[in-house]
Amino acid sequence: MRRAVPRRTVLAGAGLAVAVAGCLYAAAGPTHGDGGGAPPGPDGAAVRPMSEAVVVETGARPHAPVLAGADLDGKPLGLTEFRGQVVVLNVWGSWCGPCRAEADDLERLSGQTRAQGVRFLGINTRDPDRAAAQSFVRAHGLGFPSLHDPTGKLLLRFPPALLNPQTIPSTLVIDRRGRIAVSIGGAVTEEELRPLLLRVAEEAA
């Protein structure tokens with residue numbers, strides 16, 4: 001069953017999620033996944049690409065894969081450390097223009113939602129050198145950790161319809177039971193993510 005949801009957001013059920021998400025990513029892939037940032041607008045300023053959100057109904061949510069590796073300092077880090085909390089999983093790269101556009105919004109929202117049991121976790125991809133990723137974190141004052149995934153192997157563990165490895169940045173909201181509740185392809189703003197995130201945070205564990 002489908003019902004009205006915010007603009008550029010699709011509510012997907014079990015059979016619908018894969019088909020809908022696949023169409024969204026097929027349309028958005030070249031814009032979000034080329035690593036070159038957004039094209040300039042009429043005044044020469046960069047234009048933030050339009051993001052697409054897929055909201056998965058509670059009974060149709062797939063479990064997020066087990067993620068474990070090292071953070072940007074080489075220390076062990078895994079998704080299991082956040083069990084029982086809502087997790088915003090953001091895929092980013094230091095080379096990615098849209099990632100720079102959304103970073104400040106993500107950091108601000110991370111601080112504002114912590115009291116609701118929300119934690120943010122990044123997956124840094126296509127950055128062979130940790131130094132570039134660390135410089136990105138310092139530049140944007142990011143306080144949440146990130147897994148270092150230079151080859152993108154962690155991304156391949158997710159259902160491709162909900163996390164396309166070629167769509168950078170991408171953001172997932174994982175509910176307290178470890179299931180993927182929201183998938184967003186492309187750069188996201190605080191205003192776009194907040195209502196989707198709070199909806200999941202208000203659910204019972």
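Scroll up a little and you will see the structure.
Summarised in this report is the structure supplied together with it.

Conventions and cut-offs
Residues numbered from 1 in each chain as written. Predicted model: local features only at pLDDT ≥ 70, side-chain atom pairs only at ≥ 80, totals over all residues. Heavy atoms only, no water. Helix = DSSP H or I, 4+ residues; strand = E, 2+ residues; numbered from the N terminus. Buried < 20%, exposed > 50% of the residue type's maximum accessible area, 1.4 Å probe, protein only. Contact = heavy atoms within 4.5 Å. Areas by Shrake-Rupley, 256 points an atom, 1.4 Å probe, with all protein chains shown as cover. Salt bridge = Lys/Arg side-chain N within 4 Å of Asp/Glu carboxyl O. Axes fitted to C-alpha atoms, helices over the stretch in contact; angles between N-to-C directions. Left-handed = near helix turned anticlockwise from the far one by under 90°. Nonpolar A, V, L, I, M, F, W, Y, C, P; charged D, E, K, R; others polar. Expected span 1.5 Å × (residues − 1). Arc of directions from axis to C-beta. 1 Å grid on protein atoms, 1.4 Å probe; cavity = no way out; pocket = protein on both sides within 12 Å on 5 of 7 lines; lining within 4 Å. Points joined across faces, edges and corners; volume = space filled by probe spheres on them. Phe/Tyr/Trp six-rings, centres within 6.5 Å; stacked < 30°, edge-to-face > 60°.

## Overview of the overall build of the protein
Here is step 1: Looking only at helices and strands, one finds 4 helices and 9 strands in the protein.
Here is step 2: The helix and strand sequence of the protein, counted from the amino end, reads β-α-β-β-β-β-α-β-α-β-β-β-α.
Here is step 3: By the burial criterion, 53% of the 205 residues in the protein qualify as buried.
Here is step 4: The contacts of the protein with a sequence gap of at least 6 include a subset with a gap of at least 24, amounting to 74%.
Here is step 5: In the form shown here, the protein has an accessible surface area of approximately 9,200 Å², with 56% of it arising from carbon and sulfur atoms.

## Re the pattern of salt bridges
Here is step 1: Under the criterion given, the structure shown has 6 salt bridges.
Here is step 2: Put simply, D105 and R108 hold a salt bridge, and the shortest N to O gap is 2.6 Å. Of the two residues, D105 and R108 are both situated in helix α2 (residues 97–113); the distance of 3 residues between them amounts to about one turn of the helix.
Here is step 3: Take D105: its relative accessible area is 13%, and that puts it in the buried class.
Here is step 4: Classification of R108 as partly exposed rests on a relative accessible area of 39%.
Here is step 5: A cluster of three or more residues bridged by salt bridges with shared partners is formed by R61, D175, R179 and E203.

## A look at the packing of α2 against helix α4 (residues 190–201)
Here is step 1: Direction vectors running N to C along α2 and α4 enclose 35 degrees, while the axes themselves pass 10 Å from each other. The handedness of the crossing between α2 and α4 comes out as right-handed. Across the interface between the two elements, D105, L106, R108, L109, Q112 and T113 of α2 pack against E190, E191, L193, R194, L197 and L198 of α4.
Here is step 2: Residues of the contact of α2 with α4, tallied by class, amount to 5 nonpolar, 2 polar and 5 charged.

## Here's the deal with the environment of I174
Here is step 1: In this fold, I174 is placed in strand β8 (residues 170–174).
Here is step 2: Measuring from C-alpha to C-alpha, the distance between I174 and V88 comes to 6.4 Å, with 86 residues separating the pair along the chain.

## So, α4
Here is step 1: The end-to-end C-alpha distance of α4 is 15 Å, a good match for the 16 Å that 12 residues give at a rise of 1.5 Å each.
Here is step 2: For α4, the complete set of buried residues consists of E190, L193, L196, L197, V200 and A201. For α4, the arc enclosing every buried residue in end-on projection is 145 degrees, short of the 170-degree limit, so these residues lie on one face.

## Things to note about empty space enclosed by the protein
Where empty space is left becomes clear once a probe the size of a water molecule has been rolled over the atoms.
Here is step 1: Counting across every chain of the model gives 2 cavities of 30 Å³ or more.
Here is step 2: In this structure, the largest cavity encloses a volume near 40 Å³.
Here is step 3: D175, R176, R177, R179, V200, E203, A204 and A205 together form the lining of the largest cavity.
Here is step 4: There is about 30 Å³ of room inside the second largest cavity.
Here is step 5: If you go around the second largest cavity, the residues you meet are N90, W92, C99, E102, A103, L106, F136, L142 and F144.
Here is step 6: When contributions to the lining of the second largest cavity are tallied by element, the ones reaching two or more residues are β5 (86–92) and α2.
Here is step 7: Residue classes in the lining of the second largest cavity are distributed as 7 nonpolar, 1 polar and 1 charged.

## What to know about unusual backbone geometry
Excluding glycine, a negative phi dihedral is what most residues carry, and trans is how most peptide bonds are arranged.
Here is step 1: The omega torsion of the bond from I168 to P169 falls at 0 degrees, within 30 degrees of zero and hence cis.
Here is step 2: Position of P169 relative to the elements: it lies in the loop between β7 (146–149) and β8.

## Description of the packing of aromatic side chains
Here is step 1: Summed over the entire model, instances satisfying the criterion amount to 2 aromatic pairs.
Here is step 2: Ring geometry for W92 and F136: centres 4.6 Å apart, planes at 20 degrees, overall stacked. Residue W92 is located in strand β5, and its partner F136 is located in helix α3 (residues 130–140); the two are separated by 44 residues in the primary sequence. There is no split in this pair, since W92 and F136 are both buried.
Here is step 3: The interplanar angle of 45 degrees and the centroid separation of 5.7 Å between the aromatic rings of F120 and F144 together place this pair among those described as tilted. Of the two residues, F120 sits in strand β6 (residues 118–125) while F144 sits in the loop between α3 and β7, which places them 24 residues apart along the sequence. For the residue pair F120 and F144, the accessibility class agrees, reading buried in each case.

Geometric values such as these leave the question of function open.
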